[in-house]
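The chain contents come next:
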Amino acid sequence: MINPLAIIGRTILDGLGELGRLFRFAAIATSHIVRPPIYWRLIGQQMWLIGYNSLPVVGLTALFTGAALAQQIFVGGSRFNAESVVPGVVVIAIVRELGPVLGGLMVAGRVSSAMAAELGTMRVTEQIDALVTLSTDPFKYLVAPRLVAAVFTLPLLVLVANVIGVLGGFLIGTERLGLNGATYLQVTAEFLEAADIYSSLVKAAVFGFFIALMGSYHGYNSRGGAQGVGKATTNAVVSAFIAILFTNLIITVIVFGVTG
Amino acid sequence: MTPPMIELKNVKKSFGNNIVLQDINLKIAKGQSLVIIGGSGSGKSVMLKCLLGLMAPDSGQLLISGKDIAKISASDRKQVLKKIGMLFQSAALFDSLKVWQNVAFGLIQGQGLDKITAKKIALEKLRRVGLSPDVAELSPAELSGGMQKRVGLARAIATEPEIIFFDEPTTGLDPIMADVINDLIVECVQDLGATTLTITHDMASARKIADRIAMLYEGRIIWEGAKTHINNSGNAYVDQFIHGNAQGPIQMDTAKS
Ligand SMILES: Nc1ncnc2c1ncn2[C@@H]1O[C@H](COP(=O)(O)OP(=O)(O)O)[C@@H](O)[C@H]1O
Ligand SMILES: [Mg+2]
């Protein structure tokens, strides 16, 4: 006899156990960020790997999304003779939601998986054990630099994504939909508020933390050879996606839920 | 009487239902070279990982110069680890770093030496294991298995540790390369006067490196003695292992991986 309640109970307990381990991992890693030695060179190296190499994919995503958004809002708005809302809605949607979320997801796809694969390979080839025997803390040497780099790099990437997203809307608006270029930019500027930009960057930093955390956590704890590393990579991306979408909702509700 | 350099007392370790170490008791005197032989999956690597503090035993004591590695604080453990060099089964070279940076790693990170001094020492250690300075600039992925083991050996001896652990130093190498590595180990250990613990299932290697040999079977040390006594141990398990017979008291559980 299989008791369904027992299965549900076990699943919930396993999930909580995993969450506890993740939290502990995050706490240890974060504590190492501020305690010396700090590996500046490794932080710089990771920022380069995360930031520069993600620029093309983040830029293209923002460009196409901004353009598609402008097209849809134009079609919807023209039913009420409200084509002029296009720039305002595009900039709000991009800066508040789509820039950070899509940017975060694209970077998570690239970076969480790469981190999990790299640390996972280091785990199964005993390189992480070797670090310990050479008097080096793997949290300090491997995890902390990745967390710091991602937290600082994601806001920069999202800033670029926001600008390019608006540009995508601008291009399709002026080239295809017959909107006036100067008016477009003016309306964009009028609609955009400082809080939009701040919340966008805060989201990006939080997403950066989760991207590096999930990549590191799953890679660091992977076991069982190549298959284990593959599983770690998949889990890193999926859990980073969920963390990004969930924390995005939380931040949106906190920042915009009251003022509307 | 000076206490042994390394001592294991009643060490137990299991993973779920899989009891790997039942009750391990061992002593290694300063300057001595002990080789532990045992079949694949008998728990040799697990024992080494417990000794390095990479894994916690379920119970028992793992003493290194009298300090229990599993119970001391993280900073004390770091001090103990500075006295230990380790050659991993797969060499475990950092593939993001060049060969010389691998060898210099413990000197720079652990001892805080500057890069130029550390590189000089690294090149000297590489020469010691028969590798030329041009190899130093390569990445580990560009090396053959035998060369990787040599780099791993150079890295293990770079900080001139008092204790060195070798995890299957010759596994995966052809017999000639294996013998080269064995000779290098013997020479390097003599240079340093180090205390060593080697685990292997390669009898030729064990005979070359060891002062004493112990056999691990079903989570216990079932025989221990001087190398010269291994051929007349009077122990049926040891006899079967050193002659590599399929018939004997050791039953291969072929159904289990
Ligand atoms: N981290 C681990 N988790 C669970 N089981 C492990 C772990 N490490 C080793 N084992 C198990 O312990 C046993 C001994 O492994 P090991 O010490 O690697 O053997 P060997 O003597 O070949 O070095 C094996 O059955 C292995 O499956
Ligand atoms: Mg092993």
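Residues numbered from 1 in each chain as written. Chains lettered and ligands numbered in written order. Predicted model: local features only at pLDDT ≥ 70, side-chain atom pairs only at ≥ 80, totals over all residues. Heavy atoms only, no water.

Draft legend 1. Expanded view of the overall build of chain A. When helices and strands are tallied, chain A shows eight helices and zero strands. In chain A, the order of α-helices and β-strands from amino to carboxyl end is α-α-α-α-α-α-α-α. In terms of overall dimensions, chain A has a C-alpha envelope of 65 × 55 × 35 Å along the principal axes. Looking at chain A as a whole, 48% of its 260 residues qualify as buried. Considering only residue pairs separated by 6 or more positions, chain A has 85% of its internal contacts joining residues 24 or more positions apart. Summing over all exposed atoms, chain A offers an accessible surface of approximately 12800 Å²; the carbon and sulfur share of this is 72%. (Helix = DSSP H or I, 4+ residues; strand = E, 2+ residues; numbered from the N terminus. Buried < 20%, exposed > 50% of the residue type's maximum accessible area, 1.4 Å probe, protein only. Contact = heavy atoms within 4.5 Å. Areas by Shrake-Rupley, 256 points an atom, 1.4 Å probe, with all protein chains shown as cover.)

Draft legend 2. Structural detail: the packing of helix H5 (residues 138–175) of chain A against helix H7 (residues 194–220) of chain A. Residues and elements named next belong to chain A. At a minimum axis distance of 7 Å, the contact between H5 and H7 shows a crossing angle of 145°. Here the hand of the crossing between H5 and H7 comes out right-handed. Packed against H5, whose contacting residues are Pro138, Phe139, Val143, Arg146, Leu147, Ala150, Val151, Leu154, Pro155, Val158, Leu159 and Asn162, the element H7 presents Ser200, Leu201, Ala204, Ala205, Gly208, Phe209, Ile211, Ala212, Leu213, Ser216 and Tyr220 at the interface. In terms of residue class, the contact of H5 with H7 is built from 18 nonpolar, four polar and one charged. (Axes fitted to C-alpha atoms, helices over the stretch in contact; angles between N-to-C directions. Left-handed = near helix turned anticlockwise from the far one by under 90°. Nonpolar A, V, L, I, M, F, W, Y, C, P; charged D, E, K, R; others polar.)

Draft legend 3. Here's a closer look at the confidence of the model for chain B. Residues and elements named next belong to chain B. Per-residue confidence for chain B gives a mean pLDDT of 89, with 97% of residues at or over 70. No element of chain B has a lower mean pLDDT than helix H9 (residues 236–243), at 84, and none a higher one than strand S7 (residues 163–167), at 94. Under the prediction, the complex receives an ipTM of 0.88, its pTM being 0.88. (pLDDT = per-residue confidence, 0-100.)

Draft legend 4. Spatial organisation of the site of ligand 1. All names here are of chain B. All residues in the neighbourhood of ligand 1 are listed as Phe15, Asn18, Val20, Gly39, Ser40, Gly41, Ser42, Gly43, Lys44, Ser45, Val46 and Met55. A distance of 2.8 Å is found between an oxygen atom of ligand 1 and a side-chain nitrogen or oxygen belonging to Ser45. Relative to its free-state accessible area of 560 Å², ligand 1 is covered by the protein chains to the extent of 64%. For the shell around ligand 1, the secondary-structure elements that each account for two or more residues are strand S2 (18–28) and helix H1 (44–51). At three residues, H1 tops the list of elements feeding residues into the shell around ligand 1. (Near = heavy atom within 4 Å. Polar contact = N/O pair within 3.5 Å; in protein donor to acceptor, adjacent residues only side chain to side chain.)

Draft legend 5. Inspection of the coordination of the magnesium ion (ligand 2) at higher detail. Residues and elements named next belong to chain B. In the first shell of the magnesium ion (ligand 2), the protein supplies Ser45 (OG) and Gln89 (OE1), at 2.1 to 2.8 Å from the metal. Here Gln89 lies in the loop between strand S6 (84–87) and helix H3 (99–110) and Ser45 lies in helix H1, a separation of 44 residues in the sequence. On the accessibility criterion, Ser45 (21% relative accessible area) is partly exposed. (Donors = N, O, S within 2.8 Å, 3.2 Å for Na, K, Ca; no water.)

Draft legend 6. Fine view of the pattern of salt bridges. Within the structure shown, the criterion is met by 19 salt bridges over all chains. Across the pair Arg21 of chain A and Glu18 of chain A runs a salt bridge whose closest N-O atoms are separated by 3.1 Å. Remark: Glu18 of chain A and Arg21 of chain A occur in helix H1 (residues 4–34); sequence separation between them is three residues, near one turn of the helix. For Arg21 of chain A, a relative accessible area of 49% puts it in the partly exposed group. Of the charged contacts, one joins Arg212 of chain B and Glu224 of chain B as a salt bridge, the two residues approaching to 3.2 Å between their closest N and O atoms. Residue Arg212 of chain B is found in strand S9 (residues 212–217), and its partner Glu224 of chain B is found in strand S10 (residues 220–226); the two are separated by 12 residues along the sequence. Judged by relative accessible area, which is 27%, Arg212 of chain B ranks as partly exposed. Within this structure, Arg123, Glu126 and Asp129 of chain A together with Lys49 of chain B form a network of salt bridges that share partners. (Salt bridge = Lys/Arg side-chain N within 4 Å of Asp/Glu carboxyl O.)

Draft legend 7. Spatial organisation of the side chain of Asp196 of chain A. Residue and element names in this part refer to chain A. With respect to the element layout, Asp196 can be found in helix H7. A polar contact of 2.7 Å, which involves the side chain of Asp196, links it to the side chain of Arg96. Excluding anything up to four places from it in sequence, Asp196 contacts Ile92, Val95, Arg96, Phe191 and Phe256.

Draft legend 8. Main features of the interface of chain B and chain A. In this complex, chain B contributes 22 residues to the contact, which on the side of chain A involves 14 residues. When the two sides are added together, the surface that chain B and chain A hide from each other amounts to roughly 1600 Å², 60% of it contributed by carbon and sulfur. The tally of links from chain B across to chain A stands at two salt bridges. Across the salt bridge formed by Asp129 of chain A and Lys49 of chain B, the nearest N and O atoms sit 3.7 Å from each other. (Buried area = accessible area lost by both parts, 1.4 Å probe.)

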